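This is what each chain is made of:
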2 protein chains.
Amino acid sequence: MKDSLIDTLTEQNHTKIVFLILDGVGGLHLGDGTQTELETARTPNLDSLARRSSNGLIIPVAPGVTPGSGPAHFALFGYDPVEANIGRGVLEAAGIGFQLTDRDVAVRGNFATVDSQGRITDRRAGRISTEENKRICEKLRREINIDEVELFIEPVKEHRVLLVLRGDGLGGAVSDTDPQATSVQPLEPQAQDPASQKTAQIMKHFLDQVRKVLADEPQANMITLRGFAKHQPYPTMQERYGLRSLCIANYPMYRGVAFLVGMDIHPVTPDASSQLDALEKNFTNYDFHFVHLKSTDKAGEDGDFNAKVRAIEEIDGLLPRVTALQPDVLVVTGDHSTPSALRSHSWHPVPVLLYSKYSRLDEATRLTEKECLKGALGQFSSKDLMALALAHSLRLKKFGA
Amino acid sequence: MKDSLIDTLTEQNHTKIVFLILDGVGGLHLGDGTQTELETARTPNLDSLARRSSNGLIIPVAPGVTPGSGPAHFALFGYDPVEANIGRGVLEAAGIGFQLTDRDVAVRGNFATVDSQGRITDRRAGRISTEENKRICEKLRREINIDEVELFIEPVKEHRVLLVLRGDGLGGAVSDTDPQATSVQPLEPQAQDPASQKTAQIMKHFLDQVRKVLADEPQANMITLRGFAKHQPYPTMQERYGLRSLCIANYPMYRGVAFLVGMDIHPVTPDASSQLDALEKNFTNYDFHFVHLKSTDKAGEDGDFNAKVRAIEEIDGLLPRVTALQPDVLVVTGDHSTPSALRSHSWHPVPVLLYSKYSRLDEATRLTEKECLKGALGQFSSKDLMALALAHSLRLKKFGA
């Protein structure tokens, strides 16, 4: 990944930057309603902050593009989300803290249930427990026999598993075997370039063995694979911006991206309030804090408009604990929109506020989809947000004489 | 530098374009205030013009990037400010009208005072007078002996000096010798690529001689060097847009950039009012006039909010002399922001108005940071401003059939 102009301009100081990310916070009106979740919520603290901030809307990847959590977060951290896009496997590995080397290909697996004809009847194997997952992974480790390369079989949550092949000459361009449907057999892994033939060959051999070893399992009797990816190291936020960075996030995906860009990862905490405890405790030890709050996205994915409104209001109630720390730059936004009306991520731009002593004031009075249209920041690409945060913390030198 | 799409579309007519550039005009509120310098100023003439114009905000280089005057002006003239970024030396040469050839490497020098250990005690040699500077340059010309190449030693203003090496095989990638600090010795000039080794070698030899020749000077007894640059010719505004262009600016940097893009350079005038005399006198002789007014930036750099307000009001008072000429396109903007609150250039977008018969009207009622957010032009890259000016003067053909 090439150095950006920004990277060449960074300089050090003692300012503190906080990114408070409300996952999927951007929304839509529901049915005949006219107000979004953010507009419906009572948010006195966010309102007050918005009036002292520069406001705007961020476009996660490109107009019309609905981002996954991976690209959306890479963009927030100033990484080109298309260039940085990597297979699910690498993110999954990062999310569980599995340290990949540059000889590794990682892939995300799902335990599934197949019938006697090998056709998938349950793509998630009845969402087996994580304990059950661990037992089955142990079994596979004992019985599977691959000798050309080293193979790691790592249980993740519930039905999810991470596979890592470590060896020479392994390409990552291999097609998914998950057909994303039931009543059909899993697909064969296919190499999509010559450099990945060895990987595909080994995985075929692996899946043949899995079928036999798990034949007597009642639920998890097969594995489907998605997101083969060869590991490529990323330049870290320390290298790019000189920021010592801490990730305070409780879900593997966000911890994973943060890990890949070199942040320290705070241990998982029980809830949002404990995430703020962690922020308070570590505030002086880092230059940059990434606080990821999940409840807004969850409610949006459930299509539960009211729950999303409540989630926003709860976070608003916690905001004074963040502002009390007096960060030099405080950004509040989301990685993407998750409108309850769509029950999924969407392409809609996301309201953003950037508070600092040097934020140009505007006429936006709230952090909402409509108000932010009046904002000084306009609508811009998520990947430029980090440059603005660095500028407002006076961490960027002048360009040219 | 590659031709842009715009360059291929230009055609000639008899329209007149005026760029009235209020250096550093973009601002910020100060302390507990909420109004910027532009918002505070009484500007009846600009207000009236804004209501008849398309308004917007320009981003000089990229979001978050604070530009130097060089890149900021290249962008105003439609040149990519990153691609066009050049060493201080070339700009300095252009600023004093020193015509560089393609065998030249130029570097900006500062006379400095060093103690008996060679450590810098004053990086500007007590800001010696320009007369004193000229005397010392004469002395150096007489006594310094370099035979591999031709060496020019040109006094600039106060403690500033321009050095030009002319010869074959001279690269421009040489590190600065100015340590940007006192109590330390100047650095050695280091070649940063093989093609620049000869340049570095000659400059070392030169600096050894300077140390001896100036040993008995009370103030200017050393030179530090910054911004080595090999001259590369730019395509001119005449070549790119077919515009016969005049620069009416009183400071070397702006005259320098204008010279590099092929403008004719009006002699220095005593004040802003005389700059408008020059505009009036030359109005019919050119297609494009660049009028650069410095007072706004100066006040901003001094952190003097009220002086910047007054500077804006004074310029507003001169505006009727410009509109009386009835230019077909009149652009009023800044090269960058210089908020009094920051006492320096900043990254904040700059209000812009574009008046012409064909400007789409909008709801912005003033040329201010907030009002321009409502403008028809939106927020856009400075380097696209020239294309808009050409379009509004009907100097661009249709693209495609």
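Note that this is a predicted model, so its numbers are computed, not measured.

**Details of the overall build of chain A**
And then number 1: On a plain count of helices and strands, chain A comes out with 13 helices and 13 strands.
And then number 2: The C-alpha atoms of chain A give a radius of gyration of 22 Å, which matches the 21 Å a tight globule of 401 residues would have.
And then number 3: Summarising its shape, the C-alpha atoms of chain A cover approximately 65 × 55 × 40 Å along the three principal directions.
And then number 4: The buried share of chain A, taken over its 401 residues, is 53%.
And then number 5: In chain A, the share of contacts with a sequence separation of at least 24, taken over all contacts with a separation of at least 6, comes to 71%.

**Considerations on the interface of chain B and chain A**
And then number 1: Taken together, the 28 residues of chain B in the interface contact 22 residues of chain A.
And then number 2: For the side of chain B that touches chain A, the secondary structure elements donating two or more residues are helix H4 (69-76), helix H5 (88-95) and strand E13 (378-381) of chain B.
And then number 3: A per-class count over the side of chain B that touches chain A returns 13 nonpolar, 12 polar and three charged.

**Description of the relation of the copies chain B and chain A**
And then number 1: Overlaying chain B on chain A yields an RMSD of 0.2 Å, the required transformation being a rotation through 122° with an accompanying axial translation of 0.4 Å. Expressed as an axis order, the relation between the two copies is that of a three-fold axis.
And then number 2: When the interface residues of chain B are mapped onto chain A, a mere 4% of them again lie at the interface, so each copy presents a different face.

**A few points about helix H10 (residues 272-282) of chain B**
Residue and element names in this part refer to chain B.
And then number 1: Of all the residues in H10, the buried ones are Ala272, Gln275, Leu276 and Leu279. Down the axis, H10 shows its buried residues gathered within 100° of arc, on one side only. Facing away from the buried side of H10 by over 90 degrees, the exposed positions are Ser273 and Lys281.
And then number 2: Buried residues in H10 make contact with strand E8 (245-248), strand E10 (288-293), helix H11 (295-301) and helix H12 (305-323).

**Some details on helix H6 (residues 130-143) of chain B**
All names here are of chain B.
And then number 1: Given a rise of 1.5 Å per residue, 14 residues ought to cover 20 Å, and the 20 Å separating the end C-alpha atoms of H6 matches this to within 8%.
And then number 2: All of the buried residues in H6 are Asn133, Ile136, Cys137 and Leu140. Projected down its long axis, H6 carries its buried residues within an arc of 105°, all on one side. In H6, those exposed residues whose orientation departs by more than 90 degrees from the buried face are Glu131, Glu138 and Arg142.
And then number 3: The secondary structure elements touched by the buried residues of H6 are strand E3 (104-114), strand E5 (150-155), strand E6 (160-166) and helix H7 (197-213).

**Observations concerning the sheet that holds E10 of chain B**
Residue and element names in this part refer to chain B.
And then number 1: Spatially, the eight strands line up as an open sheet ordered E9-E8-E10-E1-E11-E12-E2-E13, and their pairing is mixed. The two strands at the open ends of the sheet, each matched to only one other strand, are strand E9 (264-265) and E13.
And then number 2: In terms of strand pairing, E8 meets E10 through four bridges, oriented parallel. Bridging across to E10, Ser245 finds its partner in Phe288.

**Details of the environment of Ser274 of chain A**
And then number 1: Relative to the assigned elements, Ser274 of chain A resides in helix H10 (residues 272-282).
And then number 2: The spatial distance from the C-alpha of Ser274 of chain A to the C-alpha of Ile248 of chain A is 9.7 Å, given a sequence separation of 26 residues.

**Observations concerning the sheet that holds strand E2 (residues 54-59) of chain A**
And then number 1: Taken together, the eight strands give an open sheet; going across it, the order is E9-E8-E10-E1-E11-E12-E2-E13 (chain A), and neighbouring strands pair in mixed fashion. Because the sheet does not close on itself, it has two edges, and the strands there are strand E9 (264-265) and strand E13 (378-381) of chain A.

**A few points about the pairing of strand E5 (residues 150-155) of chain A**
Residues in a regular strand project their side chains so that they alternate between the two faces of the sheet.
Residues and elements named next belong to chain A.
And then number 1: With six bridges connecting them, E5 and strand E6 (residues 160-166) associate as antiparallel partners. Looking at the pairing, Ile153 lines up with Leu163 of E6.
And then number 2: Hairpin geometry of E5 and E6 is characterised by an intervening segment of four residues between the two adjacent antiparallel strands and by a positive phi of about 50° at Glu158.

**Things to note about the domain arrangement of chain A**
All names here are of chain A.
And then number 1: Looking at the assigned domains, one finds that chain A contains domain 1 (5-83 + 234-392) and domain 2 (91-230).
And then number 2: With eight residues of domain 1 in contact, the opposing surface of domain 2 contributes seven residues.
And then number 3: Among the elements that make up the side of domain 1 that touches domain 2, the one with the highest residue count is helix H9 (residues 252-260) (seven residues).
And then number 4: A breakdown of the residues in the side of domain 1 that touches domain 2 according to their chemical character gives five nonpolar, two polar and one charged.

**Here we look at the environment of Leu49 of chain B**
Residue and element names in this part refer to chain B.
And then number 1: Inspection of the secondary structure assignment puts Leu49 in helix H3 (residues 44-51).
And then number 2: Taking C-alpha positions, Leu49 is 46 Å from Gly172, a pair spaced 123 residues apart along the chain.
And then number 3: Setting aside chain neighbours within four positions, we find Leu49 in contact with Leu319, Thr323, Leu353 and Tyr355.

**What to know about the environment of Met263 of chain A**
Residues and elements named next belong to chain A.
And then number 1: Positionally, Met263 belongs in the loop between H9 and E9.
And then number 2: Sequence separation of Met263 and Pro218 is 45 residues, and the distance between their C-alpha atoms is 41 Å.
And then number 3: Not counting residues up to four positions away in its chain, the partners in contact with Met263 are Met237, Ser245, Leu246, Cys247, Ala258 and Phe290.

**Looking at the packing of H4 of chain B against helix H9 (residues 252-260) of chain B**
All names here are of chain B.
And then number 1: It is at 10 Å that the axes of H4 and H9 come closest, and there the two elements cross at 45°. Between H4 and H9, the interaxial angle falls into the category oblique. Here H4 runs over H9; the crossing is right-handed. On the side of H4, the interface is formed by Ser69, Gly70, His73 and Phe74, while H9 contributes Met253, Tyr254 and Val257.

**Quick notes on unusual backbone geometry**
Residues and elements named next belong to chain B.
And then number 1: One non-glycine residue, Arg127, lies in positive phi territory at about 45°.
And then number 2: When you line up the elements, Arg127 lands in the loop between strand E4 (120-122) and H6.
And then number 3: Residue classification places Arg127 among the partly exposed residues on the basis of 14 C-beta atoms within 10 Å.
And then number 4: Positive phi, normally seen in glycine, also occurs at Gln326, with a value near 50°.
And then number 5: Here Gln326 lies in the loop between H12 and strand E11 (329-333).

**Description of the packing of helix H3 (residues 44-51) of chain A against helix H12 (residues 305-323) of chain A**
All names here are of chain A.
And then number 1: Look at H3 against H12: their axes get within 7 Å of each other, and the N-to-C directions meet at 50°. As summarised for this structure, H3 and H12 are arranged oblique, according to the angle between their axes. Between H3, through Pro44, Asn45, Leu46 and Leu49, and H12, the contact on the second element is made entirely by Asp316, Leu319, Pro320 and Thr323.
And then number 2: Of the residues assigned to the contact of H3 with H12, the class counts are five nonpolar, two polar and one charged.

Definitions and limits used
Residues numbered from 1 in each chain as written. Chains lettered and ligands numbered in written order. Predicted model: local features only at pLDDT ≥ 70, side-chain atom pairs only at ≥ 80, totals over all residues. Helix = DSSP H or I, 4+ residues; strand = E, 2+ residues; numbered from the N terminus. Rg over C-alpha atoms; globule rule 2.2 N^0.38 Å. Buried ≥ 20, exposed ≤ 12 C-beta atoms within 10 Å, placed from the backbone. Contact = placed C-beta atoms within 7 Å. Nonpolar A, V, L, I, M, F, W, Y, C, P; charged D, E, K, R; others polar. Least-squares fit on C-alpha atoms with pLDDT ≥ 70 in both. Arc of directions from axis to C-beta. Expected span 1.5 Å × (residues − 1). Pairing = 2+ DSSP bridges. Domains from an automatic or database assignment. Axes fitted to C-alpha atoms, helices over the stretch in contact; angles between N-to-C directions. Parallel < 35°, antiparallel > 145°, perpendicular 65-115°, else oblique. Left-handed = near helix turned anticlockwise from the far one by under 90°.

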